[in-house]
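Letter by letter, the chains look like this.
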Amino acid sequence: MNQPDLTFPEALSRSHDRASFNCGTAELNDYFHTRVSQHIKSRITRCFVVIDRANEDKVAGFYTIPAAGVPFETLDRHPAGAAMVRGFPRYQLPVFLMGRLAVDIAYRDYRPKLRLGESLLFDAIERCMESDVAGFALIVDAKPDAEGFYRKYNFVNYTSEPLKLILAFPKIKNLPA
């Protein structure tokens, strides 16, 4: 493999080669190879990929972000969640969901500044915060081996289930009246 030349995350398109992607997890590979396009067409999710221009435009990593909702009561019952929703309306609250995040095994140890998985997570957070669609947080149903990754970036539990994690976005200040 040549020295990687990675793009910024971009929306998945037909021109991207999904077939050669291998993150080492059959479930994620199968989703990316066979179902993600249908989910995009159905408007269930958005998918963003990082491409390696130096290696035949190989997909180095991807993530998906669908819109989601969390009942106010779910958050209000948990200490960390209750603090987040103080003053919020008592109904389904809009959030973004980190649907899937995966890095091809060939790029796991590549880190020009950040590991690729971290770069994908930060891009997802930035896209959510800049979205025209409202959402006050990013939630994730972490895999057991990825829990520490998300906790490192201040994701906390929002239910009694240990792998359901949330990252609340900062409140917007100084908006014009």
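Residues numbered from 1 in each chain as written. Predicted model: local features only at pLDDT ≥ 70, side-chain atom pairs only at ≥ 80, totals over all residues. Heavy atoms only, no water.

Caption draft 1: The arrangement of helix α1 (residues 26–41) in detail. Taking 1.5 Å of rise per residue, 16 residues should cover 22 Å, and α1 covers 23 Å from first to last C-alpha, within 8% of that figure. At R35, α1 shows its maximal kink, close to 60 degrees. Of all the residues in α1, the buried ones are L28, N29, Y31, F32 and V36. Where the residues of α1 are buried, they touch β2 (46–52), β3 (58–65) and β6 (100–103). (Helix = DSSP H or I, 4+ residues; strand = E, 2+ residues; numbered from the N terminus. Expected span 1.5 Å × (residues − 1). Bend = angle between axes of the 7 residues up to and from the residue. Buried < 20%, exposed > 50% of the residue type's maximum accessible area, 1.4 Å probe, protein only. Contact = heavy atoms within 4.5 Å.)

Caption draft 2: Up close: a negative patch on the surface. Taken together, E10, D17, E56 and D57 make up a surface patch of like negative charges. Locating D17 in the fold gives a position in the loop between β1 (10–11) and α1. (Patch = residues over 30% accessible without salt bridge, like charges linked within 9 Å, V, L, I, M, F, W, Y side chains within 5 Å. Areas by Shrake-Rupley, 256 points an atom, 1.4 Å probe, with all protein chains shown as cover. Salt bridge = Lys/Arg side-chain N within 4 Å of Asp/Glu carboxyl O. Lys, Arg positive; Asp, Glu negative; His and termini not counted. Charge placed at Lys NZ, Arg CZ, Asp CG, Glu CD.)

Caption draft 3: Seen up close, the sheet that holds β3. On the basis of which strands lie adjacent, the open sheet formed by 4 strands has the order β1-β2-β3-β6 and antiparallel pairing. Both edges of this open sheet fall to β1 and β6, since each of them pairs with a single strand only. Relative to β3, β2 is paired through 7 bridges, and the arrangement is antiparallel. Across the sheet, residue C47 finds its bridge partner in β3, namely T64. Contacts between α1 and the sheet are confined to β2, β3 and β6, with β3 contributing the most and set at about 60 degrees to the helix. Strands in contact with helix α4 (residues 116–130) are β1, β2, β3 and β6; relative to β3, the strand with the most contacts, it is inclined by about 40 degrees. (Pairing = 2+ DSSP bridges. Axes fitted to C-alpha atoms, helices over the stretch in contact; angles between N-to-C directions.)

Caption draft 4: Representation of the nonpolar core in the model. Of all hydrophobic cores here, the largest spans 26 residues; its most connected members are Y63, I65, M98, L121, L138, Y150 and F155. Those elements that provide at least two residues to this core are β2, β3, β6, α4, β7 (137–141) and β9 (164–168). Considering each element in turn, this core owes the most residues, 6 residues, to α4. With sequence-adjacent residues up to four places away left out, L121 is seen in contact with M98, L101, L138, F149, Y150, Y153 and F155. Core analysis: the next-biggest nonpolar cluster, separate from the first, contains 13 residues, F21, L28, V36 and A102 among them. (Core = buried A, V, L, I, M, F, W, Y, C linked by side-chain atoms within 4.5 Å.)

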